[in-house]
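Architecture and fold: a report
Each chain, written out:
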Amino acid sequence: MAEPRIALVCPTYGQFDYAMRTIESFSRHTADPWTFVVDDASPDWGDPNWQEFLGAGALPITVHRFPENGGLTRSWNWGIRTAVARGADYVIAGNSDILFCEGWHHGLIHALESGYALAGPITNAPGRTAMAQAHVATYYPGYQLTDDPAYLDFLSGELRTHYRNRVVEARVNGFFQMARAEVWLTGQFDEAHIYRPRNDFYPSGAPNPTPLMTFNEDELQNRWFHRGWRFAVCPSSFIFHYRAVSRGPNYLHGSWLRRTDS
C-alpha cells in the first residue's frame with residue numbers, strides 16, 4: 001500500500017535558518033513529503049544560503065513568493081489550495097519554526113481517519129487555543145526543553161508507546177493544523193479561500209489589531225464546529241515548536257526556545 005502524500009504549507013517571513021530546519025526534518029521523517037514554501041515578501045529573500053537550499057533540488061519543494069506583504073492567512077490559503085489541487089492526501093497548515101520527529105504522523109492520521117476534521121500534535125509551546133491539552137508536559141512529566149534531534153526522536157517514541165491512537169477532543173493550535181485534502185475543500189470559507197481572508201473583529205466585537213495574521217484558526221474552527229465537525233489533539237504525535245521566530249517577542253509565552261546550535 002502506497003504511503004500517503006503529506007503536504008506541509010510552510011509560510012516564511014525571514015528567519016530562513018529555522019525554515020530550512022523545518023523542511024529538512026519534515027522531509028526526513030515523512031515517507032512521501034511535499035513542502036509548499038509561501039513567502040510573504042521577505043525583504044531578505046535573496047539570502048544566499050536560503051536560495052542555495054531552495055535551488056538544490058534535493059527535496060520536494062514548491063515555492064511561491066508574494067511581492068507585497070499580505071499576512072499569514074493569505075499564505076495558508078494559497079498553500080492549502082495549491083497542495084490539494086496537486087494531489088496531496090493530507091495538508092498541514094504549519095509554521096516555519098517547528099521540528100518534526102520520527103513517527104510524528106501516525107497519531108494524526110489515525111485521528112483524521114477516525115472522523116475528526118482537524119488534528120494537531122502536542123508540543124512544548126502550544127498557543128492559547130489549547131494550552132494544557134496540547135502541552136507535552138501534561139503527558140510526559142519528565143520532559144526536557146531541548147531541540148536535540150536524538151532526544152526529540154526518543155521522546156516521540158515514548159509518546160507513541162504510551163498514547164498510541166489516543167485522542168483528546170480539543171481545539172487545535174494554529175502553529176500546526178492537519179486535515180484531509182477533501183475536508184479542507186469541503187470546509188472552505190468560499191471558492192477562493194480556505195480561511196476567511198481577514199478577521200477584523202473578535203467575537204466580542206473588539207477590533208483585531210492584526211486581521212491578516214491572527215484569529216484565523218479560531219474562525220475556521222468556529223465555522224467547522226457549527227457543521228458538527230470535531231477536532232483532536234493527539235498525544236502520540238509530538239512536534240517541537242520554537243515559537244514566534246518570525247512574529248516577534250510579543251507572541252512569546254510558555255516553553256519557547258531558540259536554536260541551540262546557532
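What counts, and at which threshold
Residues numbered from 1 in each chain as written. Predicted model: local features only at pLDDT ≥ 70, side-chain atom pairs only at ≥ 80, totals over all residues. Heavy atoms only, no water. Core = buried A, V, L, I, M, F, W, Y, C linked by side-chain atoms within 4.5 Å. Buried < 20%, exposed > 50% of the residue type's maximum accessible area, 1.4 Å probe, protein only. Helix = DSSP H or I, 4+ residues; strand = E, 2+ residues; numbered from the N terminus. Contact = heavy atoms within 4.5 Å. Phe/Tyr/Trp six-rings, centres within 6.5 Å; stacked < 30°, edge-to-face > 60°. Lys NZ or Arg CZ within 6 Å of the ring centre and 35° of its normal. Pairing = 2+ DSSP bridges. Arc of directions from axis to C-beta. Polar contact = N/O pair within 3.5 Å; in protein donor to acceptor, adjacent residues only side chain to side chain. 1 Å grid on protein atoms, 1.4 Å probe; cavity = no way out; pocket = protein on both sides within 12 Å on 5 of 7 lines; lining within 4 Å. Points joined across faces, edges and corners; volume = space filled by probe spheres on them. Nonpolar A, V, L, I, M, F, W, Y, C, P; charged D, E, K, R; others polar. Salt bridge = Lys/Arg side-chain N within 4 Å of Asp/Glu carboxyl O.

Ranked by internal contacts, the top residues of the largest apolar core, which has 30 residues, are I6, W50, I92, F100, W104, F176 and M178. Listed by contribution, the elements that provide at least two residues to this core are β1 (6–12), α1 (16–28), α2 (48–55), β4 (90–94), α4 (106–112), β8 (176–180) and β9 (231–238). Among the elements that make up this core, the one with the highest residue count is α1 (five residues). Residues within four places of M178 in sequence aside, it is in contact with I6, Y90, V91, I92, W104, L108, I109, L112, A117, L118, A119 and W184. L72, A181, W184 and W224 belong to the second-largest nonpolar core, a separate cluster that totals 26 residues.

In this structure the tally under the stated criterion is 22 aromatic pairs. Judged by centre distance (4.9 Å) and plane angle (80°), the rings of Y18 and Y242 are edge-to-face. Of the two residues, Y18 sits in helix α1 while Y242 sits in the segment after β10 (240–241), which places them 224 residues apart along the sequence. When its relative accessible area of 7% is taken as the criterion, Y18 is described as buried. With 6.0 Å between their ring centres and 50° between their planes, W184 and Y195 make a pair best called tilted. You can see W184 sitting in helix α7 (residues 181–186) and its partner Y195 sitting in the loop between α7 and α8 (216–225), a full eleven residues away along the chain. With relative accessibility at 0%, the residue W184 sits in the buried group. The class of Y195 is buried, set by a relative accessible area of 0%. An aromatic cluster is defined as three or more aromatic residues linked by ring pairs; in this entry it consists of F26, F100, W104, F175 and F176. Above the ring of F66, the side-chain terminus of R74 is found at 3.7 Å from the ring centroid. In this structure, R230 is placed above the aromatic ring of Y116, and the distance from its NZ or CZ to the ring centre is 4.3 Å.

What follows covers the pairing of β8. A large share of β8 lies buried, amounting to four of its five residues. Pairing analysis gives five bridges linking β4 to β8, with the strands arranged antiparallel. Bridge pairing in β8 links V91 to A179.

With that settled, the discussion passes to α2. Among the residues of α2, those classed as buried are W50, F53 and L54. Angularly, the buried residues of α2 cover 95° about the axis, an arc narrow enough to put them on a single face. Along α2, exposed side chains directed more than 90 degrees from the buried face belong to P48, N49, E52 and G55. In the core, the buried residues of α2 are packed alongside β1, α1, β2 (33–40) and β3 (61–66). Sitting at the amino-terminal end of α2 is D47, which places a side-chain oxygen 3.1 Å from the backbone nitrogen of N49. Following α2 by one or two positions, G57 has its phi on the positive side, about 75°.

Within the secondary structure, T22 is located in helix α1. Those residues in contact with T22 that lie beyond four places of it in its chain are L8, C10, N95, S96, D97, I98 and F100.

Tracing the chain through its elements places V37 in strand β2. Sequence separation between V37 and N77 is 40 residues; the distance between their C-alpha atoms is 12 Å. Beyond its immediate stretch of four places on either side in the chain, V37 contacts C10, T12, I23, W50, L54, I61, T62, V63 and H64.

By the element assignment, V233 lies in strand β9. With 66 residues separating them along the chain, V233 and V167 place their C-alpha atoms 6.0 Å apart. Leaving out residues up to four positions away in the same chain, V233 has contacts with G120, P121, I122, Q133, A134, R166, V167, V168, A170 and R171.

On to empty space enclosed by the protein, then. By rolling a water-sized probe across the atoms, one finds the places where empty space is left. Counted according to the given criterion, the structure contains one cavity of 30 Å³ or more. Within this model, the largest cavity holds a volume of roughly 30 Å³. Looking at the largest cavity, the residues that line it are E3, P4, I6, T30, A31, D32 and H105. Class assignment for the residues of the lining of the largest cavity results in three nonpolar, two polar and two charged.

The next thing to look at is the pattern of salt bridges. In total, this model carries nine salt bridges according to the counting rule given. R65 is the salt-bridge partner of D39, the closest N and O atoms lying 3.3 Å from each other. Of the two residues, D39 is situated in strand β2 and R65 in strand β3; the sequence distance between them amounts to 26 residues. With a relative accessible area of 0%, D39 lands in the buried category. The structure contains a network of salt bridges with shared partners spanning E113, R180 and E182.

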